[in-house]
Amino acid sequence: MRVFSQFIRKRLAYGIVMKSIKNKLYDFLVTSRPLVRDRYQNYVCSNKEYHKNHRFRSWVYLYHLLKFDKAQKKLSKFSLVPSNVSNSQSRSSAVTPSPRKSDCKSLPVNQRLRLPYLDGSESFAFKREEPIFFAKRLMPFDIISFDIFDTLILRTFSNPTDLFMVVGNKLNLTNFKKIRIDAEKEARSISLALTGSSEITLEDIYKQIQYRTGLNIKQGVEAELSTEADFCFPNQYFVDVLKILKEFNKTIIFTSDMYLSKAQITKLLYSCGIVDYDNLYISCEYGCSKRSGNLFKQLKFDYPNKSIVHIGDNPISDYSSAKELGINTFFYKNCHEIGNPFRADGMSDLIGSFYSGIVNTHLHNGINVFNPYYEYGFIYGGLYILGFCNWIHKKSKLENIDKILFLSRDGDIYKKVYNILFNDSPNEYVLWSRIANTKYTMEHNKDDFLTRMVTHKALSPIPSTFKDILVSIQLDFLLPLLEKTSKLKGSSLLTQENKILFEKFLSNHWDSIVENMQTDCETARLYLSSIIGASKKIAVIDVGWLGSGPLGIKYLVEEKWKMNCNVKCLLAASHFYIPESNINEIMNEDIETYIFSRMYNRNLYDTHKKSNKGTNNIFFEFFSQSCSPSFNGFSNGSFLFDMPEINNYEITRDIHSGILDFCKIYRSFANKSPYLFNISGYDAYMPFRFAIRDIRLVKSLFEHCSFSRNVGVNLSGQKQETVSDILNPLKI
Amino acid sequence: MILYSVISSLHLLNAITHKCSFHEKTPSVLLISHFLFDKYPNFNSLTLYFEKIVVFSAHLLPKTDSYPESNDTYFLDLFRKNNFSISDFSEIHVMGAHYSFGAYVAHNNIPFFFWEDAAGLLSRKNIVIEIDRKFSETKILLCEKYGLYDGSSPSVIGKIGLISAQVQGFSDETFIGFDTIKELLSLNSNVSKLIVSFFTSVEKIDIPLSSTIVLTQHLANLRVMSLYDQILLYQNFVDYFFPAESLVIKPHPDDLLFYSRLFPSAIVIHEKFPSEFFPLILSNKPKLIATISSTAINGLRGYYENTFSLSDQFVQNFQAIHRYYVSVLLWNYILSPSLFYRGLGVIDSVVERMIENFKTNTTTNSKEEPYISSLYFFDDINVSSGLSRDLLEDRDISLVFLNSGKSPNYLLELPKEAMLQNLIPIRIIKKQIKQVDFYSDEFSEIIYFYSKNERCKKMVEKFEFSKELPHTGLVISVKPLSPEEQRILVLEGILAATEKRLQYQTSVNSELAKALENRK
């Protein structure tokens, strides 16, 4: 027994030692090398079963990765691998270095918290050499070979196999992605057993699918090819390089390890507008691949005594294999490999992949470098605004809405995007605001009036005088009365101490206040009537949160003015510091929300409300700010405006530019499979949730910006609240 | 013994020509930059002219504005390896002095002849400095310190260049004239042919009779602008200035633009050689030689009657070209061509050329009597220096504000009433007409016409036109605006100007606040 227990102890000790050695070896070979680590772990995770049964093959792959990594370090000076300049950037940036580099380094990859790029512009951090200078470096070569997929042409999916979900939709087959992946593996195994080569054709794959599903091979092949054509697009980076090379009569060839035939790829290239090349080398046509090196041997055989260079994104097929045969190579790091670590997680499979694919290929193709505000709009705001507009459109059709009213100022960008997407529903931009709403619905919402004009202003870090407040709502005629009856001076500041007195004063003169507002309220009626026209049902759109603006218009149109028109209030999201404040309107469906409310997508509601000490509204609203001052209402028939937040305008333009570009790109691809427009509110919010996962991103972008929480303005001081005024007291 | 050091192809041509013309029998050494070594693998054939060819690294990238001592070590080592000393030379000719060898001789007080970098640059050192600015600020500081851009170094014993290419009023006591083309043509024809054969294997280039040659610049390669901007620049240049010409494009040797694709009907000379060879190599005399701002044209002016160049200012502000064109159209529309125009803050060469084109290509409008006597074009100006009250009140004068975006504040200087009553916005609409190689935007542009002359205002309100720019892929047009549209555009103009001014003030305020904070 003792001997046995000693034996067990020894075995255990041996096991522990071996495990420790294995871990150390793994750390040394894999974990310590980011490029190897990401690719190897990705490979293992994607091929768990295969890895379990073919350990040796995985090690061979690891060996190639290590070789590639070593070569990469040597050629970093010249390769097309984007140079990550985040270190140098972080020195000059106010943002502390990304936790990807420090905070989480000790965690295994799959346990690390994914974070957005925190050191400024993501596209700048991974910028590539400009096409003209890259073309210049190719000039000394006679033959210039390009890989096709993910190099010369790009796909709008962050993982190429995600395209099969769309193919499955076309073919009306459930679980098609898995079926398609398994069929390819099976076809390769059969080919290897029969011919000694794993090169196959698309028809071979669909033979296997036919066996599993009964699908007609031709129908399947056509569906996949047409889907590829729908979602493949030319990489403008290489289109420019090709134009330059052709001007100088270089021989251009394309080389691909692919199951598509030469004719199929020619057609695909044609659909991408790429027609000016000299030759095409496809693995399935030659029965040999780049990965094995044999396709490159063929290339060398066909072009003897010529200097050849190859450009591609695969470290083995496009880099190591060519290099081993003495072919010069340039590595073009895959756009998705650069971008994916910074893309939002938790999204639904297809929208998530499609969204990430668009962002990755736009930011990292090498053509442009964007500023961080453009990227904020493009990466984190585009999907939300596009999804919201599509939801509004669907709602308006479903509810027979005659006209859509986009309320200022958030409605500015909504309307722009809406009109990019749709041309079949009348819509108008309407000047409206919290203060205008407060003024013209005061007889109905006295509490709202007093809360906004007294309670909130007394709490504001930028104090207002009584005169400021009264003038801003055209109640200056009350000034003499104020001083006479309440002993408050017009020039005194509203404070927590005197707010009760002021509130009492306003209550005492409530009838004359309401009376005084009626002339301007009539102007408001004329204004809104001219916009609503003969519409019998309208939808009023706003970002959120309580929905007071749309509800105010609903009250005015339906109850006060009795305009014979129904009003539907559609909000991006609903959330208020008093949770139950609009619960009735939500339950009565007077208000409907796209992303979340107290009743809908509750986990998002809670995240939004609780994280970052409740400041997320501010950062969310930066997507829909506008380059115009806030509307203050009417005075003697004229429009009144607040002080413009001029210092935000450039930023707003950049954010909008990013949003609009995202929406245009998304539309151009989704038009081919319109169900991709069905973006759930949950998915639409995910990029923003990702952006606020680490407050440093939004804080660094917006802390210097103006952001007014309260209606009206500090007229005498002409001072505006900034984001840091709000964040600092909260110690954010 | 004579020493020549050269950086570019033009320098090399100058060195060979100078040697053949003035020092045919004198032994000489050629220091050739590594740039040329890569460019001319046949450089050994230069031994026909020089006893010894030595390749040197021309890079000069100091970390500070102090002279890098390693440069001395490098050249001493280079000389030692090639068995000569700098004191062996009776004459040293430095071409491209703002590189490593120029710095070496200037730092060590070795007397040398300073050659201008290209024709006319002796009196335009800023052009060279601006190019260097893209690469290294410290290099500029060092070269300025040693006088290597304009030959002001005390070690310079003579400045050699083309006198006719210098700016007006240029004079220098140590100046020595050298006209490359003249010297080349004065050589024995066999010698000149031999020189040409070093640079290009082509003996003759066929160009059509009466063609226009466009000399391009490698602006994107120099990082002066992006590739796309350079494409748009040349598309605009051709569409506006040579719409119907038989075009021959001679790209700069380092220019990588795909001109054959962009201008399919043009002949593109792909052979790389200095344009100074034109008189020797072209089959026909061109009708016109044009460039945006290439200095190569300076050397050709003496040999071709018709040359045309714009300016570096145009390179910086070429996006305003539609505004220029519409302004000149207005001039043609409301004035007789003989009448007066004046530009303030505009690029005169662009306006003058466009006016010239109108004079030659269109018949004069049959206006019995012009409504006003002169038209002023305003763009990038400071209001206080340019816009006087008299101009605003004079009914005989009208103003066009090009409003190209740099200084829109002048609109705010107009009296408010005058703005609303006398300012007429003209909206230039841009419409895309081709899909491929389209690099323009489609945003409308607004210029403003100001006049107190009612007849003239009415005429301008009706002004409309349309022009196709086939290479750019745009149709630009102007259509009459309704009174409401006019009012909105005037208000938008005022708003944009106000915004710019407020932004400026906000930035000044925050800078002041920061300064005050720092002082505390």
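Residues numbered from 1 in each chain as written. Chains lettered and ligands numbered in written order. Predicted model: local features only at pLDDT ≥ 70, side-chain atom pairs only at ≥ 80, totals over all residues. Heavy atoms only, no water.

Peer 1: Go over the environment of Tyr-146 of chain B with me, naming the residues and quoting the values.
Peer 2: All names here are of chain B. As for its placement among the helices and strands, Tyr-146 is situated in the loop between helix 6 (137-145) and strand 6 (156-161). C-alpha separation for the pair Tyr-146 and His-98, spaced 48 residues apart in sequence, amounts to 9.2 Å. In this structure Tyr-146 touches Tyr-67, Ala-106, His-107 and Ser-153, once residues within four positions along its chain are discounted. (Helix = DSSP H or I, 4+ residues; strand = E, 2+ residues; numbered from the N terminus. Contact = heavy atoms within 4.5 Å.)

Peer 1: A description of the interface of chain B and chain A should follow, citing residues and the corresponding values.
Peer 2: The interface of chain B with chain A comprises 20 residues on the first partner and 17 residues on the second. Note on chain B versus chain A: buried area summed over both sides is about 1800 Å², and carbon and sulfur give 61% of it. Considering only the surface of chain B that becomes buried against chain A, Tyr-228, Leu-256 and Glu-499 of chain B emerge as the three largest contributors, covering 33% of it. One can count one salt bridge joining chain B with chain A. The partner of Asp-437 of chain B in a salt bridge is Lys-243 of chain A, with the nearest N and O atoms 2.7 Å apart. Contributions of two or more residues to the side of chain B that touches chain A are made by helix 9 (227-241), helix 10 (259-262) and helix 21 (483-519) of chain B. Considering each element in turn, the side of chain B that touches chain A owes the most residues, four residues, to helix 21 of chain B. Counted by class, the side of chain B that touches chain A contains 10 nonpolar, five polar and five charged residues. (Buried area = accessible area lost by both parts, 1.4 Å probe. Salt bridge = Lys/Arg side-chain N within 4 Å of Asp/Glu carboxyl O. Nonpolar A, V, L, I, M, F, W, Y, C, P; charged D, E, K, R; others polar.)

Peer 1: So what's going on with the confidence of the model for chain B? Residues and values would help.
Peer 2: Confidence in the prediction for chain B averages 86 pLDDT; 91% of positions are at 70 or higher. If you check the scores for this complex, the pTM reads 0.82 and the ipTM reads 0.83. (pLDDT = per-residue confidence, 0-100.)

Peer 1: Explain helix 8 (residues 189-199) of chain B to me, using residue names and the numbers behind them.
Peer 2: Residues and elements named next belong to chain B. Along helix 8, the positions that sit buried rather than exposed are Ser-192, Ile-195, Val-196, Phe-198 and Phe-199. All buried residues of helix 8 project into a common sector of 155° when viewed along the axis, lining one side. Away from the buried face of helix 8 by more than 90 degrees, exposed residues Asn-190 and Lys-193 are located. Buried positions along helix 8 lie against helix 1 (9-22), helix 7 (180-186) and helix 11 (278-281). Looking at where helix 8 begins, the residue whose side-chain oxygen comes 2.7 Å from the main-chain nitrogen of Asn-190 is Asn-188. (Buried < 20%, exposed > 50% of the residue type's maximum accessible area, 1.4 Å probe, protein only. Arc of directions from axis to C-beta. Polar contact = N/O pair within 3.5 Å; in protein donor to acceptor, adjacent residues only side chain to side chain.)

Peer 1: Which residues make up empty space enclosed by the protein, and what values go with them?
Peer 2: Residue and element names in this part refer to chain B. A full pass over the atoms with the stated rule returns five cavities of 30 Å³ or more. As a volume, the largest cavity reaches approximately 140 Å³. Along the walls of the largest cavity sit 15 residues, with Asn-14, Ala-119, Leu-162, Phe-178 and Thr-180 positioned nearest its centre. Among the secondary structure elements, those contributing two or more residues to the lining of the largest cavity are helix 1, strand 6 and helix 7. Across the lining of the largest cavity, the residue classes tally to eight nonpolar, four polar and three charged. (1 Å grid on protein atoms, 1.4 Å probe; cavity = no way out; pocket = protein on both sides within 12 Å on 5 of 7 lines; lining within 4 Å. Points joined across faces, edges and corners; volume = space filled by probe spheres on them.)

Peer 1: Describe the pattern of salt bridges, listing the residues and the values that go with them.
Peer 2: Side chains that differ in charge, positive against negative, can pair when their charged atoms come close. Residues and elements named next belong to chain A. Applying the stated criterion across every chain yields a total of 46 salt bridges over all chains. Across the salt bridge formed by Lys-246 and Asp-278, the nearest N and O atoms sit 3.2 Å from each other. You can see Lys-246 sitting in helix 12 (residues 236-247) and its partner Asp-278 sitting in the loop between helix 13 (262-271) and strand 5 (279-282), a full 32 residues away along the chain. Classification of Asp-278 as partly exposed rests on a relative accessible area of 42%. Among the charged side chains, a network of salt bridges with common partners joins Lys-395, Glu-399, Lys-537, Lys-568 and Glu-592.

Peer 1: For the side chain of Thr-523 of chain A, give the residues involved together with the corresponding values.
Peer 2: Structurally, Thr-523 of chain A is set in helix 26 (residues 510-532). Ignoring any residue separated from it by four or fewer positions in sequence, one finds Thr-523 of chain A in contact with Phe-634 and Gly-637 of chain A.

Peer 1: How would you summarise unusual backbone geometry if you had to cite specific residues and measurements?
Peer 2: All names here are of chain A. Cis geometry marks the peptide bond from Ser-408 to Arg-409; its omega dihedral reads -5°. By secondary structure assignment, the location of Arg-409 is in the loop between strand 8 (403-407) and helix 20 (411-421). Along the chain, Gly-544 connects to Trp-545 via a cis peptide bond; the corresponding omega equals -10°. Mapping Trp-545 onto the fold places it in the loop between strand 10 (537-542) and helix 27 (548-560). The backbone phi angle of Asn-172 is positive, close to 60°, even though this residue is not glycine. As for its placement among the helices and strands, Asn-172 is situated in the loop between helix 8 (163-171) and helix 9 (176-195). The exposed category is assigned to Asn-172, whose relative accessible area is 70%. Look at Asn-564: it is not a glycine, yet its phi comes out positive at around 55°. With a relative accessible area of 57%, Asn-564 lands in the exposed category.

Peer 1: Hey, could you go over the sheet that holds strand 4 (residues 91-95) of chain B for me, with residue numbers and the actual values?
Peer 2: Residues and elements named next belong to chain B. Pairing is parallel in the open sheet, where seven strands are placed in the order 3-2-1-4-5-6-7. Each end of this open sheet is capped by a strand with a single partner; those strands are strand 3 (52-56) and strand 7 (175-177). Shown here is a sheet whose adjacent strand axes are inclined to one another by a mean of 25°, direction ignored. Here four bridges tie strand 5 (residues 112-115) to strand 6, and the two strands are oriented parallel to one another. What sits directly across from Phe-113, in strand 6, is Gly-158. Packed on one face of the sheet, helix 3 (residues 69-81) meets strand 2 (28-33) and strand 3 and runs near 150° to strand 3. (Pairing = 2+ DSSP bridges. Axes fitted to C-alpha atoms, helices over the stretch in contact; angles between N-to-C directions.)

Peer 1: Quick rundown of helix 5 (residues 125-133) of chain B? Include the residues and the values.
Peer 2: Residue and element names in this part refer to chain B. Taken as a whole, helix 5 has its buried residues at Val-128, Ile-129 and Asp-132. Each buried residue of helix 5 sits inside an arc of 100° when the element is viewed along its axis, so together they form one side. If you follow the buried residues of helix 5, they end up packed against helix 6.

Peer 1: Kindly report on the packing of helix 18 (residues 349-364) of chain A against helix 31 (residues 646-670) of chain A, identifying the contributing residues and their values.
Peer 2: Residues and elements named next belong to chain A. Close contact between helix 18 and helix 31 brings their axes to 11 Å; oriented N to C, the two are set at 125°. On the basis of their axis angle, the class for helix 18 and helix 31 is oblique. Considering how the two elements wind past one another, helix 18 and helix 31 form a crossing that is right-handed. Contacts between helix 18 and helix 31 involve Ile-351, Phe-354, Tyr-355, Ile-358, Val-359 and His-362 from the former and Phe-662, Ile-665, Tyr-666, Phe-669 and Ala-670 from the latter. Across the contact of helix 18 with helix 31, the residue classes break down as 10 nonpolar, one polar and no charged. (Parallel < 35°, antiparallel > 145°, perpendicular 65-115°, else oblique. Left-handed = near helix turned anticlockwise from the far one by under 90°.)

Peer 1: Describe the pairing of strand 2 of chain B, and please don't skip the residues or the numbers.
Peer 2: All names here are of chain B. Counting buried residues in strand 2 gives six out of six residues, a clear majority hidden from the surface. Alternating residues of strand 2 divide into Ser-28, Leu-30 and Ile-32 and Val-29, Leu-31 and Ser-33, and every residue in both groups is buried. Sheet topology note: the strand 1 (residues 2-6)/strand 2 ladder contains five bridges and is parallel. Looking across to strand 2, one finds that Ile-2 is bridged to Ser-28. On the question of chirality, the crossover connecting strand 1 to the parallel strand 2 by way of helix 1 is right-handed. Considered for its hand, the β-α-β crossover made up of strand 2, helix 2 (residues 34-39) and strand 3 is right-handed. (Right-handed = clockwise from strand over helix to strand, strands pointing away.)

Peer 1: I'd like a description of the pairing of strand 13 (residues 631-635) of chain A, backed by residues and values.
Peer 2: Here strand 13 of chain A lies mainly inside the structure; five of its five residues are buried. Count of turn residues in the strand 13 of chain A/strand 14 (residues 638-641) of chain A antiparallel hairpin: two residues, of which Asn-636 of chain A carries a positive phi of about 50°.

Peer 1: A description of the packing of aromatic side chains should follow, citing residues and the corresponding values.
Peer 2: If you walk through the whole model with that rule in mind, you get 101 aromatic pairs over all chains. Arranged with centres 5.0 Å apart and planes meeting at 70°, the rings of Phe-37 of chain B and Phe-43 of chain B form a pair that is edge-to-face. Phe-37 of chain B sits in the partly exposed class, given a relative accessible area of 36%. A centroid spacing of 5.6 Å and a plane angle of 80° characterise the contact between Phe-170 of chain B and Phe-175 of chain B, whose relative ring orientation is edge-to-face. For Phe-170 of chain B, a relative accessible area of 21% corresponds to the partly exposed category. Overall, the relative accessible area of 17% leaves Phe-175 of chain B in the buried class. Directly above the ring of Phe-133 of chain A sits Arg-223 of chain B, whose terminal nitrogen or CZ lies 4.0 Å from the centroid. The ring of Phe-273 of chain B carries Lys-250 of chain B above its face, with NZ or CZ at 4.7 Å from the centroid. (Phe/Tyr/Trp six-rings, centres within 6.5 Å; stacked < 30°, edge-to-face > 60°. Lys NZ or Arg CZ within 6 Å of the ring centre and 35° of its normal.)

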